[in-house]
Amino acid sequence: MRAGNKASARVQVIDSHTGGEPTRVVIAGGPELGRGSMADRLKVFRDQHDRFRSAIVNEPRGSDVLVGALLCEPANPEASAGVIFFNNVGYLGMCGHGTIGLIATLAHLGRIQPGKHRLETPVGDVIATLNEDGSVSVENVPSFRKAKAVAITLDGSGAKTGTGDRIEVAGDVAYGGNWFFLTKECDVPLEFSRIEQLIEFTWRIRRAVNAQGFPEVDHVELFGAPQGAGAHSRNFVLCPGKAYDRSPCGTGTSAKLACMAADGTLAEGAEHVVESIIGSRFTGKFKWVDREKGVIVPTITGSAHITAEATLMLDEQDPYCWGIH
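Residues numbered from 1 in each chain as written. Predicted model: local features only at pLDDT ≥ 70, side-chain atom pairs only at ≥ 80, totals over all residues. Heavy atoms only, no water.

1. Notes on empty space enclosed by the protein
Inference 1: Following the criterion strictly, the structure yields 2 cavities of 30 Å³ or more and no others.
Inference 2: The calculated volume of the largest cavity comes to roughly 170 Å³.
Inference 3: As for the largest cavity, its lining consists of 23 residues, of which Val67, Leu92, His219, Cys239 and Asp245 are closest to the centre.
Inference 4: Elements with a minimum of two residues in the lining of the largest cavity: helix H3 (96-108) and helix H5 (250-263).
Inference 5: Within the lining of the largest cavity, the residues separate by chemical class into 10 nonpolar, 9 polar and 4 charged. (1 Å grid on protein atoms, 1.4 Å probe; cavity = no way out; pocket = protein on both sides within 12 Å on 5 of 7 lines; lining within 4 Å. Points joined across faces, edges and corners; volume = space filled by probe spheres on them. Helix = DSSP H or I, 4+ residues; strand = E, 2+ residues; numbered from the N terminus. Nonpolar A, V, L, I, M, F, W, Y, C, P; charged D, E, K, R; others polar.)

Here is the structure:
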């Protein structure tokens, strides 16, 4: 159906979570976007059907943390699927946890078997492997660091960051399918009990880094020492709509791997285990594409679990049919 052309419509979805981070895959009832590339279809989605995005992921049907994935027929017949990821405020070029959730969903539907599968996204094709144990390994889009040790100045207002307001913060700007500012300069412990302080601090960083020369950055990643045995680092990731990532963030881990590769602190092919703020884990590794330019292809491995099969009702008579936003 074309969103908005019927008084009442049904949308079939499958929900999952990847390391605690939810994904809602629209498998039927989505808007007609044409037969172009995923980038072309994203433009149609954004320009003509944005209220459908809001209806799927925003309250009263969704929440700020929910990531949507519109399942599309691929342009390339060799691809298993096309996908457009979106959230409560807009669209994502790529989503690591969402890709893992999508592969788990396709397996749940019986559409794929263990092995490698090509997925088309608006920022390029990714290769996702459904492993025999049910985990998923995502070979992400090329990732790189744009700028190292960028110093930004915060406005000094707002909640305290641990022992006091930090006025200057230095970090890297990197791309892993989405744009990130990554820093370890945070006085707040990376603990679940400090979520509100971490959100406040990273939101201040986000505003500052956008205003000080990097408007493309829409994610902020704090990282530090792990808490669990076998992990190499722990992170906290603020997403574009001010929700935090419950998973270790696939594109954020990709951006972090790009920085480590550029610094020479992680060898090609070596595994790096990242735990999220709730303790869930991804395992990342990379291969070089262009050492001179610092471009890598990261692979992120994690697991997703199906949580629901549902039919969403879009009733034009409902004043909040298209979401609260």
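Let's pick the thread back up.
2. Quick look at the nonpolar core
Inference 1: Counting 61 residues, the largest nonpolar core has Ile152, Phe181, Ile205 and Phe236 as its most contacted members.
Inference 2: No other element matches helix H4 (residues 195-211), which puts 7 residues into this core.
Inference 3: Contacts of Phe236, omitting those with residues within four sequence positions, involve Leu190, Ile195, Leu198, Ile199, Thr202, Val220, Glu221, Leu222, Tyr244 and Ile277.
Inference 4: Of all hydrophobic cores here, the second largest spans 22 residues; its members include Ala9, Val11, Cys321 and Trp322. (Core = buried A, V, L, I, M, F, W, Y, C linked by side-chain atoms within 4.5 Å. Buried < 20%, exposed > 50% of the residue type's maximum accessible area, 1.4 Å probe, protein only. Contact = heavy atoms within 4.5 Å.)

3. Thoughts on the confidence of the model for the protein
Inference 1: In this model, the protein carries an average pLDDT of 94, and 94% of its residues clear a pLDDT of 70 or more.
Inference 2: This stretch, residues 1-5, has a pLDDT under 50; its non-local contacts, to residues over four places away or in other chains, come to 18 contacts.
Inference 3: Across residues 158-163, where pLDDT falls below 50, the model places 16 contacts with residues more than four positions away in sequence or in other chains. (pLDDT = per-residue confidence, 0-100.)

4. Let's talk about the pairing of strand S4 (residues 81-86)
Inference 1: Within S4, 6 of the 6 residues are buried, which leaves it mostly tucked inside the rest of the structure.
Inference 2: The alternating pattern of S4 places Ala81, Val83 and Phe85 and Gly82, Ile84 and Phe86 on opposite faces, both of which are buried.
Inference 3: Both S4 and strand S5 (residues 91-92) contribute to a ladder of 2 bridges, which runs antiparallel. Bridged to Phe85 within S5 is Leu92. (Pairing = 2+ DSSP bridges.)

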